[in-house]
Amino acid sequence: MKQIFYNGEIVTMEQEGQQFSAMMIEDNHIVALGSNEELLAMKTEDTIMVDLNRKTILPGFVDAHGHFQMNVMARHLFIDASCAPAGKITSIADLQALLREEIAAHPEKNPVIAFNFDDTLLEEYRMPDAKDLDAVSADKSILLVHASIHMMAVNTKAMESVGMLEPGYKPLGGHIYYDENGVWHGTSEEHTVLGYYDENGVWHGEGDPLKAYYDANGELQYGESPY
């Protein structure tokens, strides 16, 4: 089977700046690259023609653990809490200001979820605790996810909403940070903060994250992204 992809931007990455507008594939192998005119002259009656409409084709990438798709989904769904130099946050005060702005702009959102935060780039060099996030809102659940996706911080409302302040609460897996009184102060590692899935796969808590993930995934067409 022969296919010709044309009217696109095909980047080979073999040489800096190398780019073609058309590509021919035969029996699952790239057999030709060139201009639209050059490759369209090679088509036959049974050639499958694909108009790229100026879309870009890149080589396949092997990404062992980069969270690429998860980051695309997060940017589509959640507040971008990136710290400088990737973002503008340099302190906990900056983070609080961003969250307040987002809550004012989107009062209907609850829980409020921010993503891609990195405490190692902060002036305070620490994760915010529940008190820091309570200062933003005591009425809405706030969840701040670390850039590694292995740590998060929440406010008191979020903890209360799923019973995490009840005596004896000890989730399976992960690590929870406690204050001097033995109370969880809002930071945890390797643990879903806003709820949990039971043995039947049913979500208990606020804002089922898997449902949000797959809902967003359905909005993106295969091979295309707005980011």
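I'm lost on the overall build of the chain in this one. Help?
Counting its secondary structure elements, the chain contains six helices and 15 strands. Looking at the chain as a whole, 37% of its 227 residues are labelled buried. For the chain, restricting intrachain contacts to residue pairs at least 6 apart in sequence, the fraction spanning at least 24 positions comes to 56%.

Would you mind going over the pattern of salt bridges with me for this structure?
Opposite charge on two side chains permits them to pair, given that their charged atoms come into close proximity. Taken as a whole and assessed by the stated rule, the structure comprises two salt bridges. The salt bridge involving E9 is made with R54; its shortest N-O contact spans 3.5 Å. On the criterion of sequence distance, the pair formed by E9 in strand 2 (residues 9-11) and R54 in the loop between strand 6 (48-51) and strand 7 (56-57) is long-range, its members being 45 residues apart. The partner of R126 in a salt bridge is D132, with the nearest N and O atoms 2.9 Å apart.

Could you clarify how one ought to interpret the pairing of strand 5 (residues 29-34) in this entry?
Within a regular strand, the side chains alternate between the two sheet faces. Sheet topology note: the strand 4 (residues 22-26)/strand 5 ladder contains five bridges and is antiparallel. Across the sheet, the residue bridging to A22 is G34, located in strand 5. Hairpin connection of strand 4 to strand 5: two residues between the antiparallel strands, including D27 at a positive phi of 50 degrees.

Got a minute to help me understand the nonpolar core in this structure?
One recurring pattern in soluble globular proteins is that nonpolar side chains are buried together. A81, I89, L95, L99, F117 and I142 are the most contacted members of the largest nonpolar core, which totals 20 residues. Counting residues per element, the ones that place at least two in this core are helix 3 (92-105), strand 9 (112-117), strand 10 (142-146) and strand 11 (151-154). Considering every element that reaches this core, the biggest residue donor is helix 3, with five residues. If near-sequence neighbours (up to four positions away) are discounted, L99 is found in contact with I79, A114, L133, V136 and I142. Core analysis: the next-biggest nonpolar cluster, separate from the first, contains 14 residues, I113, V145, V154 and M164 among them.

Would you mind going over the pairing of strand 10 with me for this structure?
Here strand 10 lies mainly inside the structure; five of its five residues are buried. Because side chains alternate across strand 10, one face comprises the buried residues I142, L144 and H146, and the other comprises L143 and V145, equally buried. Alignment of strand 9 against strand 10, held across four bridges, turns out to be parallel. Bridged to F117 within strand 10 is H146. As judged from the three bridges shared by strand 10 and strand 11, these two strands associate in the antiparallel manner. Paired with V145 across the strands is M152, a residue of strand 11. Hairpin connection from strand 10 to strand 11: four residues lie between these consecutive antiparallel strands, with I149 at a positive phi of about 65 degrees.

Just to check I follow, could you spell out the sheet that holds strand 4 for this structure?
One key point about sheets: their strands pair by backbone hydrogen bonds, in either a parallel or an antiparallel sense. With respect to topology, four strands assemble into an open sheet ordered 5-4-1-6, the strand pairing being mixed. The open sheet has two edge strands with one neighbour each: strand 5 and strand 6. On average, adjacent strands in this sheet sit at an angle of 20 degrees to one another, irrespective of strand direction. In this structure, strand 1 (residues 2-6) lies alongside strand 6, joined through four bridges in parallel fashion. Opposite I4, over in strand 6, you have M49 as the bridge partner.

Would you mind going over the sheet that holds strand 3 (residues 19-20) with me for this structure?
In spatial order, the strands read 3-2-7; together these three strands make up an open sheet with mixed pairing. The open sheet is flanked by strand 3 and strand 7, the only strands paired with a single partner.

So what exactly am I meant to see when it comes to the environment of L77 here?
With respect to the element layout, L77 can be found in helix 2 (residues 68-77). For L77, a relative accessible area of 28% corresponds to the partly exposed category. Measuring from C-alpha to C-alpha, the distance between L77 and F115 comes to 9.4 Å, with 38 residues separating the pair along the chain.

Even after reading the chapter, I still don't get a nonpolar patch on the surface, so can you show me in this structure?
A cluster of nonpolar residues, M13, L58 and F61, forms a patch on the protein surface that exposes about 350 Å² of accessible area. Note on F61: relative accessible area 56%, which makes it exposed.

Analysis parameters
Residues numbered from 1 in each chain as written. Predicted model: local features only at pLDDT ≥ 70, side-chain atom pairs only at ≥ 80, totals over all residues. Heavy atoms only, no water. Helix = DSSP H or I, 4+ residues; strand = E, 2+ residues; numbered from the N terminus. Buried < 20%, exposed > 50% of the residue type's maximum accessible area, 1.4 Å probe, protein only. Contact = heavy atoms within 4.5 Å. Salt bridge = Lys/Arg side-chain N within 4 Å of Asp/Glu carboxyl O. Pairing = 2+ DSSP bridges. Core = buried A, V, L, I, M, F, W, Y, C linked by side-chain atoms within 4.5 Å. Axes fitted to C-alpha atoms, helices over the stretch in contact; angles between N-to-C directions. Patch = residues over 30% accessible without salt bridge, like charges linked within 9 Å, V, L, I, M, F, W, Y side chains within 5 Å. Areas by Shrake-Rupley, 256 points an atom, 1.4 Å probe, with all protein chains shown as cover.

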